[in-house]
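Tertiary structure, described
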Amino acid sequence: MPELPEVEVLVRHLRPLLIGRSVRSVRVQRAKVVTSPSARRLARTLQGARFCGLARRGKYLLFKLRRRGHAEPLTLVGHLGMTGRMYLLPARDRLPKHAAVVLNLGRDNFVFEDTRYFGRLTLDGSALARLGPEPLGAGFTAQAFAAALSRSQQVIKVRLLDQSLLAGVGNIYASEALFRAGIAPTLPARRLTSAQVQRLWHAVRSVLREAIACGSTVPLNYAGQGQRDGLFYFGKATGAPDYYEERLRVYDRAGKPCADCGTAIKRVLQAGRSTFFCPRCQRA
Ligand SMILES: [Zn+2]
């Protein structure tokens, strides 16, 4: 599932490809992903609009479009869900089977493809109001983090997945950050010492930053049709090397030796999600 770094890398990739392009026509093939307003109203609103910006908030993509006769740009909110992909495809190419929404931009189509249809492309921005601070933004301080954790009744791993605490952290980077901070995923959030909070605050930011840097430097196939090696949410480009083993230290490594101490990495279920951790390095 895509998390903050994957969305950030996608935003950086799409921004120069979309800005300045106009939407000539809109095809909604899966109304479920549009939610509100109706597919017909979405199509009518976007027709003729021109992309003027693209930003990220948590795991959401925020497309800004200008319409003739409107002073303020509108925001089209995208979410990849579990399996969503967004990419440009030459208009003459055949659309993929699971194309949910297609915006024709002239010689290219902007395709939102989603095999499981948990993704969204909508004008409804209400989900954004519930998001906590951006982990890489100035508003996310160690002090605010400590205060939020001290009020929590949950264990730290489960708490980290709450998007109202931190926007954009998911299962992979929560496990990786706890490993880097040397904190047991089962520790109640309010029991973290101030030294642990400080370490975790640094760890969350550094694992996200490094993942963005990794995704920004390796060649990717955003349509996901290339060979999948788990390197990144997107497929790797043809002929690109496999960096997977080096990138993730605990996630999806159950039974394999910890890179720091050699102990076998463990997998446990927490709130229905897999957590991976080193029982020796993450004892406290
Ligand atoms: Zn270890």
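Okay, so let's go over this structure. Just so you know, these numbers come straight off a predicted model, no measurement behind them.

**Some remarks on the sheet that holds strand 3 (residues 60-66)**
The strand order 2-3-4-8 describes an open sheet built from 4 strands, whose pairing is antiparallel. Edge positions in the sheet fall to strand 2 (50-57) and strand 8 (120-122), since each has one partner strand and no second. For this sheet the average axis-to-axis angle between neighbouring strands, irrespective of direction, equals 20°. Relative to strand 8, strand 4 (residues 74-79) is paired through 3 bridges, and the arrangement is antiparallel. If you follow H79 over to strand 8, its bridge partner there is R120. Across the face of the sheet, helix 1 (residues 4-18) comes into contact with strand 2 and strand 3 while running at roughly 165° to strand 2. Against the sheet, helix 2 (residues 39-46) contacts strand 3, strand 4 and strand 8, and its axis sits at roughly 130° relative to strand 4.

**Let's talk about the packing of helix 5 (residues 171-181) against helix 6 (residues 194-217)**
Where helix 5 meets helix 6, the closest approach of the two axes is 8 Å, and the angle between their N-to-C directions is 125°. One way to sum up the angle between helix 5 and helix 6 is to call them oblique. Helix 5 and helix 6 meet at a crossing whose hand is right-handed. Counting all contacts with helix 5, which are made through Y173, E176, A177, L178, R180 and A181, the residues of helix 6 involved are R199, L200, A203, V204, S206, V207, L208, E210 and A211.

**Focus on the layout of surface pockets**
Quantified by volume, the largest pocket comes out at close to 310 Å³. As for the largest pocket, its lining consists of 17 residues, and the residues nearest its centre are M1, K59, Q163, G170 and R273. Residue classes in the lining of the largest pocket are distributed as 9 nonpolar, 4 polar and 4 charged.

**Considerations on helix 2**
Residues of helix 2 that are buried: L42, A43, T45 and L46. For helix 2, the arc enclosing every buried residue in end-on projection is 165°, short of the 170-degree limit, so these residues lie on one face. With respect to the buried face of helix 2, the exposed residues turned more than 90 degrees away are R40 and R44. The inward-facing, buried residues of helix 2 contact strand 1 (25-28), strand 3, strand 4, strand 6 (99-104) and strand 8. Positive backbone phi, approximately 85°, marks G48, located one or two places after helix 2.

**Things to note about unusual backbone geometry**
Positive phi, close to 60°, is recorded for Y117, a residue that is not glycine. Tracing the sequence through the fold places Y117 in the loop between strand 7 (108-114) and strand 8. A residue is classified by how much of its surface remains accessible, and Y117, at 10% relative accessible area, is buried. You will see that A271, though not glycine, has its phi angle at about 50°, which is positive. Looking at the secondary structure, you find A271 in the loop between strand 11 (266-270) and strand 12 (273-277).

**Quick word on the coordination of the zinc ion**
Six octahedral donors around a metal ideally sit at 90 or 180 degrees from one another, while four tetrahedral donors ideally sit at 109.5 degrees. Within the protein, the atoms that donate to the zinc ion are C258 (SG), C261 (SG), C278 (SG) and C281 (SG), at distances of 2.2 to 2.4 Å. The site at the zinc ion holds 4 donor atoms, and with the angles between them running 101 to 112°, its shape is tetrahedral. If you list the donors of the zinc ion from N- to C-terminus, the spacing comes out as C-x2-C-x16-C-x2-C. With C261 in the loop between helix 7 (244-247) and strand 11 and C281 in the segment after strand 12, this pair connects stretches of sequence that are 20 residues apart.

**A closer look at the nonpolar core**
Among the nonpolar cores identified, the biggest contains 82 residues, and L61, F63, M86, I156 and L200 are the most heavily contacted of them. No other element matches helix 6, which puts 9 residues into this core. In this structure I156 touches L149, L178, I183, A184, P185, L187, P188, A189, L192 and L200, once residues within four positions along its chain are discounted. In this structure, Y60, L62, L131 and A167 belong to the second largest nonpolar core, which totals 7 residues.

**Notes on the sheet that holds strand 5 (residues 84-90)**
Backbone-to-backbone hydrogen bonds join strands into a sheet, with any given pair of strands oriented parallel or antiparallel. With antiparallel pairing, 4 strands are arranged side by side in an open sheet as 1-6-7-5. The strands lining the two open edges of the sheet, one partner per strand, are strand 1 and strand 5. Geometrically, the sheet is characterised by an average inter-axis angle of 15° between neighbouring strands, direction not taken into account. Looking at chain direction, strand 1 and strand 6 are connected through 4 bridges and run antiparallel. Opposite R27, over in strand 6, you have V102 as the bridge partner. In the packing of helix 1 onto the sheet, contacts are made with strand 5 and strand 7, and the angle to strand 5 comes to roughly 30°.

The rules we used
- Residues numbered from 1 in each chain as written.
- Predicted model: local features only at pLDDT ≥ 70, side-chain atom pairs only at ≥ 80, totals over all residues.
- Heavy atoms only, no water.
- Pairing = 2+ DSSP bridges.
- Helix = DSSP H or I, 4+ residues; strand = E, 2+ residues; numbered from the N terminus.
- Axes fitted to C-alpha atoms, helices over the stretch in contact; angles between N-to-C directions.
- Contact = heavy atoms within 4.5 Å.
- Parallel < 35°, antiparallel > 145°, perpendicular 65-115°, else oblique.
- Left-handed = near helix turned anticlockwise from the far one by under 90°.
- 1 Å grid on protein atoms, 1.4 Å probe; cavity = no way out; pocket = protein on both sides within 12 Å on 5 of 7 lines; lining within 4 Å.
- Points joined across faces, edges and corners; volume = space filled by probe spheres on them.
- Nonpolar A, V, L, I, M, F, W, Y, C, P; charged D, E, K, R; others polar.
- Buried < 20%, exposed > 50% of the residue type's maximum accessible area, 1.4 Å probe, protein only.
- Arc of directions from axis to C-beta.
- Donors = N, O, S within 2.8 Å, 3.2 Å for Na, K, Ca; no water.
- Tetrahedral: all angles 85-135°; square planar, octahedral: opposite > 155°, others 65-115°.
- Core = buried A, V, L, I, M, F, W, Y, C linked by side-chain atoms within 4.5 Å.

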